Amino acid sequence: MDVIQTKSLTKTYDGKGGISDVTLSVGEGIVYGFLGPNGSGKSTFVRTLLGLLQPTGGEGYILGEPIGTTKSREQVGYLPELFRYPDWLTGKQLLESHAELCKIPARQRSRRIEEVIELVGMAGRETGRISGFSKGMSQRIGLACAILNDPKVIFLDEPTSALDPIGRKDVRDLMVYLRDQGKTVFLNSHLLYEVESVCDNVSIVHQGEIVAQGAWRELMMTEAQVEIVTAGTGAVQFPPFIKSWQKGNEEEGRTRWILQLEDERDIPKILHHLSSGKVDVHEVKPITPHLEDVFMHWVNRKKESAYVDNR
Amino acid sequence: MWTIGKLTVKEMISKRIFLITIIMTLIFLALYGTAIYFAGKEGAEAGDGGQGTEAFLMQQFVASQLLGVGLYFSSFITALLAIMSSVSAISGEVSSHQIDTWLMRPISRSQFVLGKFLGLAFLLIAYAISLFFSIIFLHQGIGAEWMALDIEPFQMIKAVSVFAIQPFVLVAFGVLLSTRMTTLNAGIVAIILYGAAFIGGFIEQFGAVVEKTSLVNIGIVMSLVFPIDSMYRKMTILLFDSADNPLSIAQGGMFTSISTPGNIMVWYAVLYGAAAVVFSIYSFKNRDV
């Protein structure tokens, strides 16, 4: 069953901004990345799913329940991007209030609160007032809130924005832990490396529209490149299925080439072609594209298709 | 709903302004008690030589005026506190984004609004009732025999019930405004309406003294727009109008009532507050936060 499902979900403000026509399905037990630059509509999408914003079009479901209903939020946890909690409460009191709202049985509350405090690395500091918390501590207590009710789906909106490198790693580990527990984590982020390191599936969102979605590994294969070092310094006859090539430096009688391929799976065919042409190959190294390049590739592709459509 | 209500009460109590309000209230009560003590003492000394109806009327007039002043000021500070605490009830949470994590829980918007309203109304009504009885007890106790008025317990209960309608209406109205406006705008609207009701009340009383129907009608219209001052006037009628006393001391002056609101006005005020709560729920139901 899809944990999150939207069909042409739209939330615009007087026809502008927000998100448009977002259709996606998120399965169970995965970390799903919602990747896009600041202001691309990521938070608007999550806030619409959680009923904080009223959609202007389309429909959405969480665990089969229509968004906006209280039932759709029963098995949900959320860490907002702008995490603000009542600063007159202590961390523990905040969790107790949320436990009450989530209807966690009174007898289980203390144990569950202790568990989540431990999980987010706040043990020993939970009795302090939130007003005295650093941003990082507030974000950690927000994470504890998000997972307090043992939800099936957890929305994390830029969950590491206030954390130091150790904190970021902790959060990544937590996401993996939750996924291993069978939970679905919906991660909003503009940090490509964050998404890359934990996400199974990804949507790339730009200016309120999804420009690409699918398995992260597949999206990464935008333009396969391979670096080849051949013997000699003369010209080499490359096979016709190679999109383009560029000659690099010459060193110790060897030449370095950068080849642009349609598909990374063409590499063995290239080697076969070169060996048939009596070209000695010293080194073959697939080049992993820069994350920024992948992102821009999909954004540009969307722009190009929009341009063609408009014509 | 109850969780939100409890949190609202806790939040109010935890704020420094609450502590300041309590301290200032105690200072006000101390000052009032001191004034009543000396007024009672000097009144008794000055009244030793006076006898008969004239002296009795003077005693009743002064005593009812001083009690009226105390209650009027109590009504005023309760109103200000009710306005200041309720106009940010929703808008403050929205602007700070604190509301996000509450509303994403499996509670409805109406439960949230009701919780906020109930928490604030409970606290403000409790404050109003405490202040009412503090003033009555100071007046009747410290003012001693000369200052004491003939007020039956049942009169007090009826009067305090009407007195408590004021914070009920103000909190309901403040919460309604806060579902649609920023805290500042809501505060300005509520204060202006309260001021208009306050002025309208005086115009109505003055109109009754000079027997000008148009002035009385202005006051009545203002009472319909914002039924706050009329509740204060009604309270004084219930408190001072002794059935045993043929000389109704309710006809006492600007801090008591000359033009008397009817019982229907009490029901109107209660319905007004209830309608404001219903509109708050409706107003907030589909609002983006």
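Cut-offs and rules
Residues numbered from 1 in each chain as written. Chains lettered and ligands numbered in written order. Predicted model: local features only at pLDDT ≥ 70, side-chain atom pairs only at ≥ 80, totals over all residues. Heavy atoms only, no water. Helix = DSSP H or I, 4+ residues; strand = E, 2+ residues; numbered from the N terminus. Rg over C-alpha atoms; globule rule 2.2 N^0.38 Å. Buried < 20%, exposed > 50% of the residue type's maximum accessible area, 1.4 Å probe, protein only. Phe/Tyr/Trp six-rings, centres within 6.5 Å; stacked < 30°, edge-to-face > 60°. Lys NZ or Arg CZ within 6 Å of the ring centre and 35° of its normal. Domains from an automatic or database assignment. Disulfide = S-S within 2.5 Å.

### Regarding the overall build of chain B
Inference 1: Scanning chain B from terminus to terminus reveals 13 helices and 0 strands.
Inference 2: In sequence order, the secondary structure elements of chain B are arranged as α-α-α-α-α-α-α-α-α-α-α-α-α.
Inference 3: Computed over the C-alpha atoms, the radius of gyration of chain B is 21 Å, within 12% of the 19 Å expected from 2.2 N^0.38 for a compact globule of 289 residues.
Inference 4: Over its C-alpha atoms, taken along the principal directions, chain B stretches across nearly 75 × 40 × 30 Å.
Inference 5: Here chain B holds 289 residues, and 53% of them are scored as buried.

### So, the packing of aromatic side chains
Inference 1: The final tally for this structure, using the stated rule, is 26 aromatic pairs over all chains.
Inference 2: An angle of 50° between the planes, with centres 5.5 Å apart, marks the rings of F155 of chain A and F186 of chain A as tilted. Placement of the pair is F155 of chain A in strand β7 (residues 153-157) and F186 of chain A in strand β8 (residues 184-189), with a sequence separation of 31 residues. In terms of burial, F155 of chain A and F186 of chain A fall into one category: buried.
Inference 3: Grouped by ring-pair contacts, the aromatic residues F28, Y32, Y72, F73, F76, Y194, F198, F202 and Y232 of chain B constitute a single cluster.
Inference 4: When the ring centre of F241 of chain A is taken as origin, the NZ or CZ atom of K269 of chain A, which lies over that ring, is 5.3 Å away.
Inference 5: Taking NZ or CZ as reference, R109 of chain B lies 5.0 Å from the ring centre of F284 of chain B, over its face.

### Overview of the domain arrangement of chain A
Inference 1: Structurally, chain A comprises domain 1 (4-220) and domain 2 (224-287).
Inference 2: Relative to domain 2 of chain A, the C-alpha centre of domain 1 of chain A lies at a distance of 45 Å.

### Let's talk about the state of the cysteines
Inference 1: In total, this model carries 0 disulfides over all chains according to the counting rule given.
Inference 2: As a non-bridged cysteine, C102 of chain A has C145 of chain A as the owner of its nearest cysteine sulfur, 8.2 Å distant.

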